[in-house]
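# Structural description and commentary
Below, each chain spelled out in residue letters.
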Amino acid sequence: MPPAEVPEYLLRELAPRVLGALARCCGDFTAAEDAVQEALLAAVQAWPMSGIPANPAGWLVRVAQRRLIDEIRSDASRRDRETAVVVDPSSSGGAAERGGSGPCAGDDTVELLMLCAHPCLNPAAAIALTLRAVGGLTTAQIAAAFLVPERTMGQRISRAKQRIRAAGARFEPPEPQDRPQRMHSVLSVVYLMFNEGYVSRSCGLDQPDLAAEAIRIARLLVNSAPADPEAAGLLALLLLTHARRPARTDHAGRLVPLDEQDRRLWDAELIAEGRRLLLAALGAGAAGPYQVQAAIAALHDEGSAAEETDWPQVAALYTLLERMTPSPMVTLNRAVAVGMVAGPQAGLKLLDGLKSLADHHRFHAVRAHLLERLGRLSEARAAFELSAGLTANTAERYYLATQAARLTNGEAAPPGSG
C-alpha cells in the first residue's frame, strides 16, 4: 500500500549520499545541489502515489542525473560539456544507486560537510548551506529555523554557492595537510548550528528541530569518520547538553536555570550514550576542546541534585579549555565555576578582565548572580536589568527581568546559592 506521505527523515538521510555521488561525478556542487533538490521534490510528489522504491537512493540519483543533464542541455553556452556530466553507473554514483554501501558513501558525506564548511563562507552561510545540502531541508524550513523570511534565506544560500564557485572549490577531498583544519571547520559549523537551536536568538528559548538536526549531522560525521575523537567528543557534548532540554522550561515556557531543573525530566538514554562516546574518545589519545566541553557537560549531568556538582573539577576543566582555546566566553564560564569554588569575589575578579563582553547579556547575568551572593543587591538588580535589555531571546529576557523584579521586592537568594 502506498504510504500516505514520504518520511522526512528518509529524505534527510538520502540527500547527502545522493548529492555526494552526483557532485563527485559532475564536479559542480551548485549544479548538483540544485538537481538533487529537484529530485527530492519529485520524490515527495511521486512516492506517496507509487510507493517508496526498493532502492530510494538509486531512484533519486537517476532523477537528479536527468535534471542535471536537461539543465546543461538547455544552456547553449555549455553544450560542449554534456558528455562530462553523463554519469557512468560504474563510477562513484553507483555507490548511491546500490543503496550507499561501501566507503564511497561515507567519504562523500565527509567531503560534502567539508565543502559546506569552506573557509570562504561565514558561519551563518555555512550553517545554512549545510542544512540545505547535508540536512536536506528546504529553504523555507531553514528560514523558519532562523526566523528570517524565506527570500532572505534563499539569497543567503545563493550567495554561499556563489562564494564557493568563486573560490574555485570543487567536490573533492582537501589536500592531506588541509584536512585537519577543514575538519575543524566542519565541527565548528555543527557546534554553532546546535547552539542556534539550543538557545534561539529571539523567539522562545530554543529551536528543538534545529538542535536535533545538528545532532543528526554530528552522528553522520562520527559514522563517516570514526577515528576522529573530536567528532565523537562533539556528538557527546551535544547529547549531554540536549538531554536537559525537557527540564529547561516550565509549563508556561519560562526558563528554568540549571540548578533549579527537575533532573528526573532529563533524558537518561542520551546522557548514557554521551558518556559512552566521551569515554571512548578520551581513550583514543590527547583530549581536544570538544572532549573537554563534553567532560564538563557530563559533570553537570552527574548527581541527583545541583549541590552534588563537582565544581572544583568543572573549574579545572575550564582552565584547561581556556589554555586550549582562549576566548572571553570560556573565561566567563570559568568565572562561574571559580565563583562556586572560591567564592563570588573570586569570580568577579575574573570578570574584571572581560571588557570585550560588556555588550553581551550573559556577562551581566553572571555578574548579577555573583553580586547577589555577595549581598550587593542594588548592583545585582541593575546588572539583571542591563542583561535583560541586551538579550533578544524572549524567554531569557523574561527570566532576567523577573530576577531584577525579585531583588526590587527584597527577595534575595539564600547565601551560597548558585
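Up top is the structure.
With 13 residues, helix α14 (residues 289-301) should cover 18 Å at 1.5 Å per step; its first-to-last C-alpha distance of 18 Å lies within 8% of that length. Among the 13 residues in α14, 12 count as buried, and that is most of the element. Of all the positions in α14, only Y290, Q291, V292, Q293, A294, A295, I296, A297, A298, L299, H300 and D301 are classed as buried. Looking at the packing, one finds that the buried side of α14 touches α10 (179-198), α12 (229-242), α13 (268-282) and α15 (311-324). Residue G303 follows α14 closely and has a positive phi angle near 85°.

Here the focus is the side chain of Q293. Among the structural elements, Q293 can be located in helix α14. Judged by relative accessible area, Q293 falls into the buried class, the value being 18%. One polar contact links Q293 to Y191, side chain to side chain, over a distance of 3.0 Å.

Scanning the entire structure with this criterion turns up 12 salt bridges. Across the pair R132 and E33 runs a salt bridge whose closest N-O atoms are separated by 3.0 Å. Separated by 99 residues along the polypeptide, R132 in helix α7 (residues 123-133) and E33 in helix α2 (residues 29-50) bring together distant segments of the chain. Across the pair, exposure class does not vary: R132 and E33 are buried alike. Residue D250 pairs with R254 through a salt bridge whose shortest N-O separation is 2.9 Å. Given a relative accessible area of 25%, D250 falls into the partly exposed group. Salt bridges sharing partners connect three or more residues here, namely E33, D34, R132 and K161.

Moving on to the side chain of R406. Among the secondary structure elements, R406 is positioned in helix α20 (residues 394-408). Using a relative accessible area of 17% as the deciding quantity, one classes R406 as buried. Separated by 2.7 Å, the side chains of R406 and Q403 make a polar contact.

This brings us to the packing of α7 against helix α9 (residues 150-166). Here α7 crosses α9 at 95°, and the two axes come no closer than 9 Å. Considering the angle they form, α7 stands roughly perpendicular to α9. Across from A124, A125, A128, L129 and R132 in α7, the residues of α9 making contact are M153, R156, I157, A160, K161, R163 and I164. Considered class by class, the residues forming the contact of α7 with α9 number 8 nonpolar, no polar and 4 charged.

So, about the packing of aromatic side chains. Counting across every chain of the model gives 3 aromatic pairs. Arranged with centres 5.4 Å apart and planes meeting at 20°, the rings of F194 and Y198 form a pair that is stacked. With a gap of 4 residues between them, F194 and Y198 both fall in helix α10, about one helical turn apart. In terms of burial, F194 and Y198 fall into one category: buried. Over the aromatic face of W266 sits the side chain of R244, whose NZ or CZ is 5.9 Å from the ring centroid. Above the plane of the ring of Y198 lies R248, whose end atom (NZ or CZ) is 3.6 Å from the centre.

The rules behind each value
Residues numbered from 1 in each chain as written. Predicted model: local features only at pLDDT ≥ 70, side-chain atom pairs only at ≥ 80, totals over all residues. Heavy atoms only, no water. Helix = DSSP H or I, 4+ residues; strand = E, 2+ residues; numbered from the N terminus. Expected span 1.5 Å × (residues − 1). Buried < 20%, exposed > 50% of the residue type's maximum accessible area, 1.4 Å probe, protein only. Contact = heavy atoms within 4.5 Å. Polar contact = N/O pair within 3.5 Å; in protein donor to acceptor, adjacent residues only side chain to side chain. Salt bridge = Lys/Arg side-chain N within 4 Å of Asp/Glu carboxyl O. Axes fitted to C-alpha atoms, helices over the stretch in contact; angles between N-to-C directions. Parallel < 35°, antiparallel > 145°, perpendicular 65-115°, else oblique. Nonpolar A, V, L, I, M, F, W, Y, C, P; charged D, E, K, R; others polar. Phe/Tyr/Trp six-rings, centres within 6.5 Å; stacked < 30°, edge-to-face > 60°. Lys NZ or Arg CZ within 6 Å of the ring centre and 35° of its normal.

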